[in-house]
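Letter by letter, the chains look like this.
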Amino acid sequence: TYNFSSGPAVLPRDVLLQVQQELTDWHGSGMSVMEMSHRGPEFTQIITEAEADLRAVLAIPANYKVLFLQGGAHFQFGMIPLNLTQPGDTVDYVNTGSWSKTAIKEAQRYANVNIVASSEDRNFSYVPDEAGWQRSANAKYLHYCSNETIGGVEFPFIPQSDVPLICDMSSNILSQPLDVSRYGLIYAGAQKNIGPSGMTIAIIREDLIGHARAEVPTMLNYKTHADASSLYNTPPSFAIYVAGLVFKWLQKNGGLDAMARHNATKAALVYDAIDGSGGFYRAPVSGACRSRMNVPFWLKDAALDAEFLQGAEAAGLVQLKGHRSVGGMRASIYNAMPLEGVQALVAYMADFARRHG
Ligand code: PLP
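Predicted model, so just to flag it, every value in this text is computed and none were measured.

Per the secondary structure count, the protein chain includes nine helices and 14 strands. Its C-alpha radius of gyration of 21 Å places the protein chain within 12% of the 21 Å reference for a compact globule of 357 residues. In terms of its C-alpha atoms, the protein chain occupies a principal-axis envelope of roughly 60 × 60 × 30 Å. When burial is assessed residue by residue, the protein chain has 46% of its 357 residues classed as buried.

What follows is about the sheet that holds strand β5 (residues 142–145). Taking strand neighbours across the sheet as the criterion, the seven strands line up as β2-β10-β9-β8-β5-β3-β4 in an open arrangement whose pairing is mixed. In this open sheet, the two edge strands, each paired with only one partner strand, are β2 (64–69) and β4 (112–118). Between one strand and the next, the sheet's axes are offset by a mean angle of 20 degrees, whatever the strand orientation.

With that settled, consider the environment of Ser32. The topology assignment puts Ser32 in the loop between α1 (13–22) and α2 (41–58). Assessed through the 15 C-beta atoms surrounding it within 10 Å, Ser32 is described here as partly exposed. In this view, Ser32 contacts Leu23, Thr24 and Trp26; residues no more than four positions away in its chain are not counted.

Another aspect to go through is the packing of α2 against helix α6 (residues 237–252). One can describe the packing of α2 onto α6 by two numbers: an axis separation of 9 Å at closest approach and a directional angle of 40 degrees. With respect to α6, the element α2 is oriented oblique. Once α2 is placed against α6, the crossing between them reads as left-handed. In contact with Phe43, Ile46, Ile47, Glu49, Ala50, Asp53, Leu54, Ala56 and Val57 of α2, α6 contributes Ser237, Ile240, Tyr241, Ala243, Gly244, Phe247, Lys248, Leu250 and Gln251. The residue makeup of the contact of α2 with α6, split by class, is 12 nonpolar, three polar and three charged.

With that settled, consider helix α3 (residues 72–84). Across its 13 residues, α3 extends 19 Å between first and last C-alpha, which sits within 8% of the 18 Å expected from 1.5 Å per residue. Maximal helix bending in α3 amounts to about 30 degrees, located at Gly78; proline Pro81 follows within four positions. Within the sequence span of α3, burial applies to Ala73, Gln76, Phe77, Met79, Ile80, Pro81, Leu82, Asn83 and Leu84.

It is worth spelling out the confidence of the model for the protein chain at this point. Chain-level pLDDT for the protein chain is 98 on average; 100% of the residues reach the 70-or-more range. This prediction of the complex comes with two scores: 0.98 for pTM and 0.99 for ipTM.

Per the UniProt record, "domain: Aminotransferase class V" (unreviewed entry) is found at residues 1–345. Taken end to end, residues 1–345 comprises 32% helix and 17% strand; its first and last C-alpha atoms sit 11 Å apart.

Near the ligand the following residues occur: Gly7, Gly72, Ala73, His74, Trp99, Cys145, Thr149, Asp168, Ser170, Ser171 and Gly189. With three residues, α3 is the single largest residue contributor to the shell around the ligand. Across the shell around the ligand, the residue classes tally to three nonpolar, seven polar and one charged.

Right, let's get into the environment of Thr265. Inspection of the secondary structure puts Thr265 in helix α7 (residues 255–275). For Thr265, a count of 12 C-beta atoms within 10 Å gives the class exposed. A sequence separation of 159 residues divides Thr265 from Glu106, and the C-alpha atoms of the two residues are 36 Å apart.

The biggest cluster of nonpolar side chains holds 105 residues, and the ones touching the most others in it are Ile201, Ala243, Val270 and Ile333. For this core, the leading source of residues is α6, giving nine residues. Inspection of this core shows a minimum of three residues originating in each of domain 1 (2–8 + 254–356) and domain 2 (14–252). Not counting chain neighbours up to four residues away, the residues in contact with Ile201 comprise Val66, Leu67, Phe68, Tyr187, Ala188, Ala190 and Ile194.

Rules used throughout
- Residues numbered from 1 in each chain as written.
- Predicted model: local features only at pLDDT ≥ 70, side-chain atom pairs only at ≥ 80, totals over all residues.
- Helix = DSSP H or I, 4+ residues; strand = E, 2+ residues; numbered from the N terminus.
- Rg over C-alpha atoms; globule rule 2.2 N^0.38 Å.
- Buried ≥ 20, exposed ≤ 12 C-beta atoms within 10 Å, placed from the backbone.
- Pairing = 2+ DSSP bridges.
- Axes fitted to C-alpha atoms, helices over the stretch in contact; angles between N-to-C directions.
- Contact = placed C-beta atoms within 7 Å.
- Parallel < 35°, antiparallel > 145°, perpendicular 65-115°, else oblique.
- Left-handed = near helix turned anticlockwise from the far one by under 90°.
- Nonpolar A, V, L, I, M, F, W, Y, C, P; charged D, E, K, R; others polar.
- Expected span 1.5 Å × (residues − 1).
- Bend = angle between axes of the 7 residues up to and from the residue.
- pLDDT = per-residue confidence, 0-100.
- UniProt positions renumbered as here; feature names shortened; annotations may be inferred.
- Near = placed C-beta within 6 Å.
- Core = buried A, V, L, I, M, F, W, Y, C linked by C-beta atoms within 7 Å.
- Domains from an automatic or database assignment.

Here it is in structure tokens:
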């Protein structure tokens, strides 16, 4: 079976097999990782290695903290303004889709949000040209979502910013090399390219820690987690363990340069299948901002959707149904999706089009 879910999404098979092997007895400890004290020597080794491996994979500079948090990316939507603004402050947001909008709505509860640019006029099918962004003079930070999981729009560039740049990278982190030093804060829910849901990773420049509003709950203060090396309370230990295995899998498979090539190859196959279908399939997004991770597409006749999905499932291609707000199909092809999965998908698409064209 090839699983095209947008998240929780497919994990590397080697990682799952290792988890299975170690499930009841981690490295001769006689314990499952699920059963270990988060302050014991075994888990200390697991979390220390996970952080070190992520730092190595992403080349994270020393002046950034890596935090393993809970609450999903949604918690970050609120934590960011609560930690980086005081009442009355202004913040800049780019609006390129559903996830940008959700982040904006939450930030509006705490700060004056200036939308520097929006692609809502064309149904979130592009990234607005940076030259036209209306920045505020006094923003505390600039926020954007590097890959809109639902709309399938990915930034082909890192925005220029004099104020701390903050990015929701939930659905394309670790998919290609990244210059972390361009950012003040990067955050990502784990359930696409990192590991099991229930964990969020934040990579935050040290000078941005320690400015939370006085009334912010202890658990929502970045300083709490930075000071305690992500062990202030019981962390999502099993998720951290699996993520650590994924980081080792990335290193073993050539790191982010290799991932970038692997992902570009897969995305090109799907987009070529769509563009070359003579109009049988259509993609809502065109050009350089087509996502390499999430490929939404429509059939020329929506009446065929159910049959397409049914046939796909019978062929072992599952979770292809598009998000309800976009309709049609969506193929999510994260790091762990093998090339063979994408080849099977495009073969099915061609065959289906032949039979119904
Ligand atoms: N941001 C992006 C880009 C997403 O794809 C998602 C969905 O998984 C979220 C935020 C919300 O993440 P969570 O469900 O972890 O809060």
